[in-house]
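Letter by letter, the chains look like this.
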Amino acid sequence: MKTQVIRCAKRETSRVTCRKNVLERALPAALAAYGEVFLFTDETVFALYGKKVRAALGDIPVFAMPAGERYKTHETLFALLSAMAEAGLHRTACLVCLGGGVVGDIGGLAASLYMRGIACIQVPTTLLSQVDSSVGGKTAIDFCGVKNLVGAFFQPREVFADPAFFATLPAREVRCGLGEIVKHGALSADIFDALQANRDRLSDLSFLAGIVPANIAFKAGVVRADPTEKGLRKCLNLGHTTAHAFELSDGKLSHGEYVLVGTLFEAEYAKSLEGSDEAYLCALQALCLAVLGGMPSLPDAGEAARAALLDKKNTGKGSVVLTVPFAKGEWRLAELPVAKYAQTLAAIGRKLC
Ligand code: NAD
Ligand code: GLY
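Everything numeric here is computed off the predicted structure, so don't read it as measured data. (Residues numbered from 1 in each chain as written. Chains lettered and ligands numbered in written order. Predicted model: local features only at pLDDT ≥ 70, side-chain atom pairs only at ≥ 80, totals over all residues. Heavy atoms only, no water.)

Enquirer: How should the overall build of the protein chain be read in this particular structure?
Expert: Counting its secondary structure elements, the protein chain contains 13 helices and eleven strands. Taking 20 Å as the expected radius of gyration for a compact globule of 353 residues, we find that the protein chain reaches 20 Å, a close match to that expectation. With the C-alpha coordinates of the protein chain rotated into their principal frame, the extents come out at 55 × 40 × 40 Å. Out of the 353 residues belonging to the protein chain, those deemed buried represent 56%. Residue pairs at least 24 apart in sequence account for 72% of intrachain contacts in the protein chain once pairs closer than 6 positions are excluded. Taken as a whole, the protein chain presents about 14500 Å² of accessible surface, with 54% of it coming from carbon and sulfur. For the protein chain, the centre of its 39 positive side-chain charges and the centre of its 35 negative side-chain charges are spaced 5 Å apart. (Helix = DSSP H or I, 4+ residues; strand = E, 2+ residues; numbered from the N terminus. Rg over C-alpha atoms; globule rule 2.2 N^0.38 Å. Buried < 20%, exposed > 50% of the residue type's maximum accessible area, 1.4 Å probe, protein only. Contact = heavy atoms within 4.5 Å. Areas by Shrake-Rupley, 256 points an atom, 1.4 Å probe, with all protein chains shown as cover. Lys, Arg positive; Asp, Glu negative; His and termini not counted. Charge placed at Lys NZ, Arg CZ, Asp CG, Glu CD.)

Below, the structure written as structure tokens:
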């Protein structure tokens with residue numbers, strides 16, 4: 001399949017390839033260039049794919065973290081760095097991150113820190129990590145109650161997205177991946193049309209495998225134009241301010257599910273903006289609800305608004321910055337004083353929930 005190349009700086013080139021049999025074929029070939037290889041994964045993924053990894057890569061050192069967002073911490077990051085140091089990795093080593101967005105984000109950050117940067121290859125195993133988190137070089141851990149507070153831009157040398165991993169993915173994780181796909185749909189008319197035309201196939205793995213390359217190509221295009229989020233890349237935060245606010249104050253749903261909730265809320269807010277396309281925004285909301293299977297119960301809006309104030313996208317003037325959908329393929333930045341944001345969330349919550 002086609003490879004996307006992202007050139008972010010003189011020495012930073014990242015290649016993203018969608019292909020089958022990554023563990024058996026692509027990875028051993030790509031790793032031949034490195035002196036040492038270290039695998040970072042989580043316990044769930046290693047239980048499922050450890051045997052295949054061993055068959056393909058032999059007896060390489062492995063660090064498997066417990067699965068889940070609550071382990072996206074500095075403790076896990078430093079445990080990984082310790083394991084890398086104990087394995088005696090040199091600058092010429094490559095860290096392979098096999099797993100979802102949590103593994104990819106922590107592993108990418110560890111690769112950026114170890115000896116001031118070693119090579120990293122991302123092998124994303126969830127739908128969300130294939131269409132979004134593995135591409136573009138954002139790495140992070142959650143810290144002091146703030147999502148992704150500590151991190152770095154650090155491009156992986158390669159990303160290999162293999163749809164075969166979806167075979168073991170629980171239905172809920174498919175829904176989470178769809179959260180970021182719907183976000184891309186809110187930014188790209190082509191992806192929106194594909195989702196609308198396939199409303200009855202949104203959980204069909206062959207349909208999803210088919211739209212992964214378009215999602216990667218869309219994200220890679222944005223990252224190529226603005227690798228460090230000075231302008232255009234802010235579009236990829238659509239729905240995320242409200243998603244992170246609910247995620248931090250509640251934490252009962254997964255990141256991708258909160259992205260759908262955030263997109264629903266922010267689409268409702270966008271209807272109040274002059275010139276926005278209400279019919280389109282309603283269609284986008286219907287798509288979010290179709291994936292969520294109905295409106296989930298949500299925490300108090302005031303608490304969520306206070307959590308939003310800590311969001312790293314804010315400018316620090318007591319206001320909250322949002323990237324909102326506006327019309328098909330169009331988005332806008334909005335900045336609301338926190339009290340107004342809290343009122344807006346509460347009013348929208350009363351209407352939608
Ligand atoms: P995750 O990494 O927690 O994976 C979800 C669950 O699926 C885990 O329990 C994992 O063990 C399991 N799993 C992974 N692959 C599997 C497979 N093939 N079969 C069965 N189970 C499997 O979560 P995620 O949804 O992949 O990623 C969410 C994270 O990504 C969040 O921390 C979010 O902040 C981050 N993120 C980062 C970016 C970025 O640009 N860096 C973008 C979006 C999201
Ligand atoms: N997921 C948002 C970004 O990569 O910029």
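Enquirer: Help me out: how do you make sense of the packing of helix α6 (residues 171-187) against helix α11 (residues 278-292) in this one?
Expert: Each pair of packed helices gets described by two things: the angle between the helix axes and the distance between those axes. As a packed pair, α6 and α11 sit with axes 10 Å apart at the nearest point and diverge in direction by 170 degrees. On the basis of their axis angle, the class for α6 and α11 is roughly antiparallel. Contacts between α6 and α11 pair Arg175, Leu178, Val182, Gly185 and Ala186 from the former with Tyr280, Leu284, Leu287, Cys288, Val291 and Leu292 from the latter. Among the residues forming the contact of α6 with α11, the class breakdown is nine nonpolar, one polar and one charged. (Axes fitted to C-alpha atoms, helices over the stretch in contact; angles between N-to-C directions. Parallel < 35°, antiparallel > 145°, perpendicular 65-115°, else oblique. Nonpolar A, V, L, I, M, F, W, Y, C, P; charged D, E, K, R; others polar.)

Enquirer: When you look at the site of ligand 2 in this model, what are you seeing that I'm missing?
Expert: By nearness alone, every residue bordering ligand 2 is listed as Asp132, Lys138, Lys183, Lys219, Glu229, Arg233 and Leu236. In the environment of ligand 2, a nitrogen atom lies 3.3 Å from a nitrogen or oxygen atom belonging to the side chain of aspartate 132. Measuring from an oxygen atom of ligand 2, one finds a side-chain N or O atom of lysine 219 at 2.6 Å. With the chains in place, 89% of the 190 Å² that ligand 2 exposes on its own is no longer accessible. Looking at the shell around ligand 2, its residues break down into one nonpolar, no polar and six charged. (Near = heavy atom within 4 Å. Polar contact = N/O pair within 3.5 Å; in protein donor to acceptor, adjacent residues only side chain to side chain.)

Enquirer: Help me out: how do you make sense of the pairing of strand β8 (residues 146-153) in this one?
Expert: Note: strand β7 (residues 138-143) against β8, five bridges, orientation antiparallel. If you follow lysine 138 over to β8, its bridge partner there is phenylalanine 153. From the end of β7 to the start of β8, which pair antiparallel, there are two residues, and cysteine 144 there has a positive phi angle of about 50 degrees. (Pairing = 2+ DSSP bridges.)

Enquirer: What is the right way to look at the site of ligand 1 in this model?
Expert: Every one of the 28 residues lining ligand 1 counts as a neighbour, but Glu69, Thr125, Thr126, Lys147 and Thr168 are closest to it. For ligand 1, an oxygen atom lies 2.5 Å from a polar atom in the side chain of glutamate 69. Between ligand 1 and valine 102, the relevant distance is 3.0 Å, taken from an oxygen atom to a main-chain nitrogen or oxygen of the residue. About the coverage of ligand 1: the protein hides 91% of its 870 Å² of free accessible area. Elements with a minimum of two residues in the shell around ligand 1: α2 (43-57), α4 (101-113), α5 (127-133), β8 and α6. For the shell around ligand 1, the element with the highest residue contribution is α2, accounting for four residues. A class-by-class count of the residues in the shell around ligand 1 yields nine nonpolar, nine polar and ten charged.

Enquirer: Honestly, the packing of aromatic side chains in this entry has me stumped. Any pointers?
Expert: Within a pair of aromatic rings, the relevant descriptors are the distance that separates the centres and the angle that separates the planes. Scanning the model with the defined rule gives four aromatic pairs in all. Ring centres of phenylalanine 192 and tyrosine 280 lie 5.0 Å apart, and the angle between their planes is 55 degrees; this geometry places the pair in the tilted category. One end of the pair, phenylalanine 192, is in helix α7 (residues 189-197); the other, tyrosine 280, is in helix α11, with 88 residues separating them in the sequence. Phenylalanine 192 gets classed as buried once you look at its relative accessible area, which sits at 5%. (Phe/Tyr/Trp six-rings, centres within 6.5 Å; stacked < 30°, edge-to-face > 60°.)

Enquirer: Whenever I open this one, the packing of helix α9 (residues 240-249) against helix α10 (residues 255-270) confuses me. Can you help?
Expert: With their axes 7 Å apart at the nearest point, α9 and α10 run at an angle of 125 degrees to one another. With respect to α10, the axis of α9 lies oblique. Crossing hand, α9 versus α10: right-handed. Of the residues in α10, those touching α9 at His240, Thr241, Thr242, Ala243, His244, Phe246 and Glu247 are His255, Tyr258, Val259, Val261, Gly262, Phe265 and Glu266. Of the residues that constitute the contact of α9 with α10, the class distribution is six nonpolar, six polar and two charged. (Left-handed = near helix turned anticlockwise from the far one by under 90°.)

That's the geometry; what it means functionally is another story.
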